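# Coordinate inspection notes
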Amino acid sequence: MKIITFEDRYRDDLIYMILDAKNALGRVPGLNEDLLDIEKNYFENGGMFWLAIDKNNRVIGSCGYLPENGGKTAWLHRLFVKAELKRMGIGTALLKTAERYAKENGADEIRVHLGGEGFFESRNFYPKHGFVLYKPDYMKKTLF
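These lines cover the structure that appears in this document, whether it is placed above or below. What you see is a predicted model, and the numbers here were worked out from it, not measured in a lab.

## What to know about a negative patch on the surface
A surface patch of negative charge is lined by Asp-8, Asp-37, Glu-39 and Glu-44. Mapped onto the fold, Glu-39 is located in helix α2 (residues 38-41). Take Glu-39: its relative accessible area is 43%, and that puts it in the partly exposed class.

Laid out in C-alpha cells, this is it:
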C-alpha cells in the first residue's frame, strides 16, 4: 500500500470505494458532490486529497484536507477505507499523512465532523488517535 496525492484518473475508483464503504456500514450510499471535482473543491481551496493505493493500483482509502483560519486549523473530510481492508492501518496511515502535512503547513489544530449516529466507526477511530469531542458530532486534536 502507498499513499499518493489524488490524481483525476482515480476519481471513479475513489467514488466507487466510498459508495461501497458506506454500503458496508449499512447506510444508503450517496454521492458526495465534492468528489466529482477534487481539484476545484480541495486543491483550489488550499487543501489536499490523498489516496491509499494497493499493489494493483486500486483505491483502498481516501482522506481530504481543507485549511481554515489562515491555515491554523485543518478540517479532515472523506476519510474512508475499503470495507474489507479496515483495521489494517490504512486509515491510520492516511490520518498521519494529513497530520504531518498540517504541521508542515502551520496548522496547530485538526478537526473532523463525525457525521450522524450511523457513523459509529469514526466515533471509535478518532479518539484512538488523540481526538477529543468539543461539541456534539465534532472532534479536534491539537498538533504539537
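Here the narrative resumes, following the displayed structure.
## Brief notes about the pattern of salt bridges
Within this structure, the stated rule accounts for 11 salt bridges. Where Asp-13 meets Arg-58, a salt bridge forms, and the shortest distance between an N and an O atom there is 2.7 Å. One end of the pair, Asp-13, is in helix α1 (residues 11-24); the other, Arg-58, is in the loop between β2 (48-53) and β3 (59-68), with 45 residues separating them in the sequence. Taking the relative accessible area as the measure of exposure, Arg-58 reaches 41% and is therefore partly exposed. Sharing partners across several salt bridges, the network here consists of Lys-86, Arg-87 and Glu-121.

## Considering the sheet that holds β2
Read from one edge of the open sheet, seven strands run β1-β2-β3-β4-β5-β7-β6, paired in mixed fashion. This sheet does not close on itself; its edge strands, each paired only once, are β1 (2-5) and β6 (132-135). Shown here is a sheet whose adjacent strand axes are inclined to one another by a mean of 30°, direction ignored. Pairing of strand β4 (residues 73-81) with strand β5 (residues 109-113) involves four bridges; the strand directions are parallel. Considered in β5, the bridge of Ala-74 is made with Ile-110.

Calculation rules
- Residues numbered from 1 in each chain as written.
- Predicted model: local features only at pLDDT ≥ 70, side-chain atom pairs only at ≥ 80, totals over all residues.
- Heavy atoms only, no water.
- Patch = residues over 30% accessible without salt bridge, like charges linked within 9 Å, V, L, I, M, F, W, Y side chains within 5 Å.
- Areas by Shrake-Rupley, 256 points an atom, 1.4 Å probe, with all protein chains shown as cover.
- Salt bridge = Lys/Arg side-chain N within 4 Å of Asp/Glu carboxyl O.
- Lys, Arg positive; Asp, Glu negative; His and termini not counted.
- Charge placed at Lys NZ, Arg CZ, Asp CG, Glu CD.
- Helix = DSSP H or I, 4+ residues; strand = E, 2+ residues; numbered from the N terminus.
- Buried < 20%, exposed > 50% of the residue type's maximum accessible area, 1.4 Å probe, protein only.
- Pairing = 2+ DSSP bridges.
- Axes fitted to C-alpha atoms, helices over the stretch in contact; angles between N-to-C directions.

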